[in-house]
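# Fold and contact review
Chain by chain, the residues:
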Amino acid sequence: RYGEVLLLNYIWEFFINILETLLFVILINNKLPKKAMSMYYFKQVFAFIFITGFMLLLNINHASSILVVLLMFTIHCIYTWIFCRQTIMTKLFWNILFTTSTIIADACTTIIPTNLFHIEITDILSGGNLRIPFTLLYISILTVIILLLLCCSGENFQLDLIEKIVFFGLSLLCSII
């Protein structure tokens, strides 16, 4: 019985990771121009599977949230470096926006319910009784944020050097906090 529940938890986490990775790929493919390369879609599918599997591995091993955010941000930056042709700052901009979106969605589904409704955090985390509804809420919030970002016009954002430094510094500070 315990093995069945554990397997269902892993399958659920994998499903949510697929959806989260899909949202990332949709955002990046719509906002950044693709590089011309042979077997582009095959390589992109391989990267998609790798990202999803890596996220599952982190979740199964109960990695800290900060570690997950930093590692996934790094992997997303590598993804955009491989598959997109755009300036480094533009790639960083969209990666930071996606990472910030995941942090906001996560905060809405963990911090707010635990403080407002006094729900135990263990009920929301992997294996908890409320994991499925809260991960559905998480992926729903993330989807809404990504859809709003997709509605933003313009692929290029022109920032001068000081604005770029301030944006990067504030994003880094928010990620650390």
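Throughout this description, residue numbers start from 1 for each chain and increase along the sequence as written. Reporting of local features is limited, given that this is a predicted model, to residues whose pLDDT is at least 70; pairs of side-chain atoms are given and counted only at 80 or more, and all residues count toward the totals for whole chains, interfaces and linings. Side-chain numbers come from the whole structure's heavy atoms, not from hydrogens or water.

What follows concerns unusual backbone geometry. Where the residue is not glycine, phi is negative for most of them; where a peptide bond is considered, it is trans in most cases. Here M39, not a glycine, exhibits a phi torsion of approximately 55 degrees, which is positive. One non-glycine residue with positive phi stands out, namely H118, at about 55 degrees. Strands are runs of DSSP state E lasting at least 2 residues, helices are runs of H or I lasting at least 4, and numbering of each runs from the N terminus. Examined against the element boundaries, H118 turns out to sit in the loop between α4 (88-116) and α5 (121-124). Using a 1.4 Å probe on the protein chains alone, a residue whose accessible area is under 20% of its type maximum counts as buried, one over 50% counts as exposed, and one in between counts as partly exposed. Look at H118 and you get exposed, because its relative accessible area is 65%.

Inside soluble globular proteins, nonpolar side chains tend to come together where they are buried. One finds I28, Y79, W94, F98, L142 and I146 to be the most contacted residues of the largest nonpolar core, which totals 33 residues. Where this core is concerned, the elements lending two or more residues are α1 (2-31), α2 (40-60), α3 (65-83), α4 and α6 (131-151). At 7 residues, the largest contribution of residues to this core is made by α4. Contact between two residues is taken to exist if any of their heavy atoms lie within 4.5 Å; hydrogens are not considered. Excluding residues that lie within four positions of it along the chain, F98 makes contacts with E20, L23, F24, L27, H76, L142 and I146. Joining through side-chain atoms within 4.5 Å is the link that ties buried Ala, Val, Leu, Ile, Met, Phe, Trp, Tyr and Cys residues into a set, and such a set is a nonpolar core.

Relative to the helices and strands, L71 is located in helix α3. By relative accessible area, which is 30% here, L71 ends up partly exposed. When the C-alpha atoms of L71 and F54 are compared, they prove to be 9.5 Å apart, with 17 residues separating the residues in sequence. Apart from residues lying up to four places away in sequence, L71 is in contact with F54 and L58.

Now for the side chain of T90. By the secondary structure assignment, T90 is in helix α4. Think of a polar contact as two N or O atoms within 3.5 Å of one another; within protein, one of them needs to be a possible hydrogen donor and the other a possible acceptor, and neighboring residues in sequence only count if both atoms come from side chains. At 2.7 Å, the side chain of T90 and the side chain of T87 are in polar contact.

Moving on to the confidence of the model for the protein. Across the protein, the average pLDDT comes to 85, with 89% of residues at 70 or higher. The score called pLDDT rates the predictor's confidence residue by residue, from a low of 0 to a high of 100. Of all the helices and strands in the protein, helix α7 (residues 161-176) carries the lowest mean pLDDT, 68, while α3 carries the highest, 94.

Here a pair means two rings of Phe, Tyr or Trp (six-membered ring of Trp) with centres within 6.5 Å. Their orientation is stacked below 30 degrees between planes, edge-to-face above 60, and tilted elsewhere. Within the structure shown, the criterion is met by 8 aromatic pairs. Centroid distance W12 to F15: 5.6 Å. Interplanar angle 40 degrees. Geometry classified as tilted. Of this pair, W12 and F15 both sit in helix α1, 3 residues apart, which is roughly one turn of the helix. You can call W12 buried: its relative accessible area is 17%.

The convention used is that axes are lines fitted to C-alpha atoms, helices contributing only their stretch in contact, and that angles between N-to-C directions extend from 0 to 180 degrees. Viewed as axis vectors pointing N to C, α2 and α3 meet at an angle of 175 degrees, and their least axial separation amounts to 11 Å. Regarding the angle of α2 to α3, the classification is roughly antiparallel. Each of Y40, K43, Q44, A47, F50, I51, F54, M55 and L58 in α2 lies in contact with α3, whose residues at this interface are V68, L71, M72, I75, H76, Y79 and F83. When an angle is under 35 degrees it counts as roughly parallel; over 145 it counts as roughly antiparallel; between 65 and 115 it counts as roughly perpendicular; any other value is oblique.

Expected span of a helix, by definition, is 1.5 Å for each gap between consecutive residues, and there is one gap fewer than residues. With 21 residues, α6 should cover 30 Å at 1.5 Å per step; its first-to-last C-alpha distance of 30 Å lies within 8% of that length. Those residues of α6 that sit buried are R131, F134, T135, Y138, I139, L142, I145, I146 and L149. Along the axis of α6, the buried residues cluster in a sector spanning 135 degrees; they form a single face. In α6, the exposed residues that point more than 90 degrees away from the buried face are L148 and C151. For this quantity, the arc is that covered by the directions from the helix axis to the C-beta atoms.

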